[in-house]
Amino acid sequence: MTEILVLVDHVDGAVRKPAYELLAIAKRLGSPAAVFIGAPDKADAAVAALTKFGADKVYVVDDAPIKGYLVAPKAEVLQQIAAQAQPGAILITSSAEGKEIAGRLAIKLDSGLITDAVDVQADGGAPVTTQSVFAGNFTVNAKVTKGTPIITVKPNAAAPEEAAGAGVRADVAATVSDSARLAQIVAAQPRTSSGRPELTEAAIVVSGGRGTGGNFDPVNALADALGAAVGASRAAVDSGWVPHTYQVGQTGKTVSPQLYIAAGISGAIQHRAGMQTSKTIIAINKDEEAPLFELVDLGVVGDLHTVLPAATEAINQRKG
Amino acid sequence: MNIVVCVKYVPDATAEQKFEADNTVDRVNVDGLLSELDEYAVEQSLQLKEKTEGAEVTALCIGPEKAADAIRKALQMGADKGVHVSDEAIAGSDAAATSKILAEAVKKIGGVDLVVCGMASTDGGMSVVPAMLAERLGLPQVTFASVIENQGKEFRIRRDGDVATEIIGATAPLVLSVTDQSGEARYPSFKGIMAAKKKPVETWSLADLGVDAGEVGLANAWTAVEQTTARPPRSAGEIVTDEGGSGAAALVDFLAAKKFI
């Protein structure tokens, strides 16, 4: 069966959930073949984890010669593996880095690229994608018509499937050109973890906006009661109340959780573009004219500083 | 330093965006403007020019006749000259073809040290053109910059990522993209608006760039949109007004009914 390459998204060898989602999608299209570019001492654990979620093959590439050189070397590695494997498609997580690797790879392979798929299905072996465009107002179905389909897929596009694959390990000694190593990370300061779920992967997101007046405590407390991620509108980010990584919207994250709660966010197009495809939407706002109320399943006209703490207390009581 | 800033003419996101019968974005019947995210690229290009003796900024745009508006805005903000690639055969081009045309235009402009792009377009929003352009030009790419510093051709940028804030180093020539966190874009001054009228804008066709019309356009795209569907409008839900705790109660009841708690 045709191999479907999946570039594995991981942090220091710990495979992230979107990689398992891609394996589930790859299974619809052919035989899932994961590509793990990482440290050799983390490879065994990664191979085992990827096999458990359906990888028939795992290409293992030592990242020592390319660590810190951004995306160009990873595109070269994938190009070399693709030349050997002749895959039916190449799936990559739709992160900023994933999309850039995909962009370079598409030019190298003379192949069509589709980004930000929220679903991928097989149509006679060829992948058909679904994307959400124009601030979520339209759905687009597309196909790649040239070369090897390269598709970047958003987190939460599929559920991971725990069904063991053959898990054959293939170590690949990739060669990376000097020209791919011209941009380098010279310093990095890791973010301190909030302990909350990743914004783009969370099932529930609670976001705060201008209406918080800079006090995110009620938003954080409700998020923690619900096991949710915390997001924010651009107004809150531009005011310096929360870091830019919290921003939901056109120039921040696009989220599509089961439940999105917007507190003190009026709902400018900029923000709606990032959350409109959420399954269920709740808004709390003092202004009954807030445009976001047009989108909601439940709207509460009221002050978030009283509504949120009262709701949080009631939820915590229910949990006992 | 020779800086090229890529500017895109996009449908106004606050107007109604639609598709045409051939599933391409309707760019004719809607008002367009310079993509907001490209304004940040113009701003950073101008700031680099202002601190570098003899630097020049060229605004490069691909698009139909109306797209000249995007170049004009960049010139009003302070860019020195414009290049407008316009050709009927370009309509419906995908990201791969767009990057091909941009790459050939950058080569024709010649001696370019820095290509600056926005972080995404506000219509297509793929964020892949800078990477594709860098690949085609054989250059390093340094993307999603929130702070740009340079000493001559040595660049250091800051990127605020999800897991870390990184400082990335690279030597020009390179392709750079900037985020909306890089600093507010300036408004054109009256003087800038008047001066822009005298600034040179060249219009190039595909033939001028040596690009075969058979490599670009909708019919030669490497991807095909099979169908577009308007999302059904969300039906308005229940709106309650908080009075003495009724808002929180409604919220909690709703969450319980939907089994979120």
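Let me sum up the structure you'll find in this document.

## Section: the packing of helix H3 (residues 72-85) of chain A against helix H4 (residues 96-108) of chain A
Residues and elements named next belong to chain A. The geometry of H3 relative to H4 is characterised by a closest axis approach of 9 Å and an angle of 50° between their N-to-C directions. Put simply, H3 runs oblique to H4. The hand of the H3/H4 crossing is right-handed. Residues Ala72, Lys74, Ala75, Glu76, Leu78 and Gln79 of H3 touch H4, and the partners they reach there are Glu97, Ile101, Arg104, Leu105 and Lys108. Broken down by class, the residue content of the contact of H3 with H4 amounts to 5 nonpolar, 1 polar and 5 charged.

## Structural notes on helix H2 (residues 68-77) of chain B
Turning to H2(B), its buried residues are B:Ala70, B:Ile71, B:Ala74, B:Leu75, B:Gln76 and B:Met77. Immediately beyond the C-terminal end of H2(B), within one or two residues, lies B:Gly78, with a positive phi of roughly 140°.

## What about the interface of chain A and chain B?
Listed per partner, the contact involves 80 residues of chain A and 76 residues of chain B. Interface area, chain A with chain B, both sides summed: about 6500 Å², of which 60% is carbon and sulfur. Applying the counting criterion to the chain A and chain B interface returns 4 salt bridges. Here A:Lys108 ties to B:Glu135 by a salt bridge, and the two come within 2.9 Å at their closest N and O atoms. Summed over the shared surface of chain A and chain B, the result is 30 residue pairs in polar contact (both at pLDDT 80 or more). Counting residues per element, the ones that place at least two in the side of chain A that touches chain B are H4, strand E7 (113-117), strand E10 (138-144), strand E13 (183-190), helix H6 (234-238), strand E17 (280-285), strand E18 (298-301) and helix H8 (304-319) of chain A. Its residues assigned to classes, the side of chain A that touches chain B comprises 39 nonpolar, 24 polar and 17 charged. Pairing geometry for E10(A) and strand E13 (residues 223-230) of chain B, over 7 bridges, is antiparallel. Each residue of the ladder has a partner; that of A:Val140, found in E13(B), is B:Thr228.

## Quick notes on the sheet that holds strand E12 (residues 168-172) of chain A
In sheet architecture, strand pairing relies on hydrogen bonds along the backbone and comes in two forms, parallel and antiparallel. All names here are of chain A. If you trace the 7 strands from one edge of the open sheet to the other, you get E7-E11-E6-E1-E4-E5-E12, paired in parallel fashion. Strands with a single pairing partner mark the edges of an open sheet, and in this sheet they are E7 and E12. Pairs of neighbouring strands in the sheet enclose a mean axial angle of 20°, with direction left out of account. As defined by bridge partners, strand E1 (residues 3-7) adjoins strand E4 (residues 31-38) across 5 bridges and the pair is classed as parallel. What sits directly across from isoleucine 4, in E4, is proline 32.

What counts as what
Residues numbered from 1 in each chain as written. Chains lettered and ligands numbered in written order. Predicted model: local features only at pLDDT ≥ 70, side-chain atom pairs only at ≥ 80, totals over all residues. Heavy atoms only, no water. Axes fitted to C-alpha atoms, helices over the stretch in contact; angles between N-to-C directions. Helix = DSSP H or I, 4+ residues; strand = E, 2+ residues; numbered from the N terminus. Parallel < 35°, antiparallel > 145°, perpendicular 65-115°, else oblique. Left-handed = near helix turned anticlockwise from the far one by under 90°. Contact = heavy atoms within 4.5 Å. Nonpolar A, V, L, I, M, F, W, Y, C, P; charged D, E, K, R; others polar. Buried < 20%, exposed > 50% of the residue type's maximum accessible area, 1.4 Å probe, protein only. Buried area = accessible area lost by both parts, 1.4 Å probe. Salt bridge = Lys/Arg side-chain N within 4 Å of Asp/Glu carboxyl O. Polar contact = N/O pair within 3.5 Å; in protein donor to acceptor, adjacent residues only side chain to side chain. Pairing = 2+ DSSP bridges.

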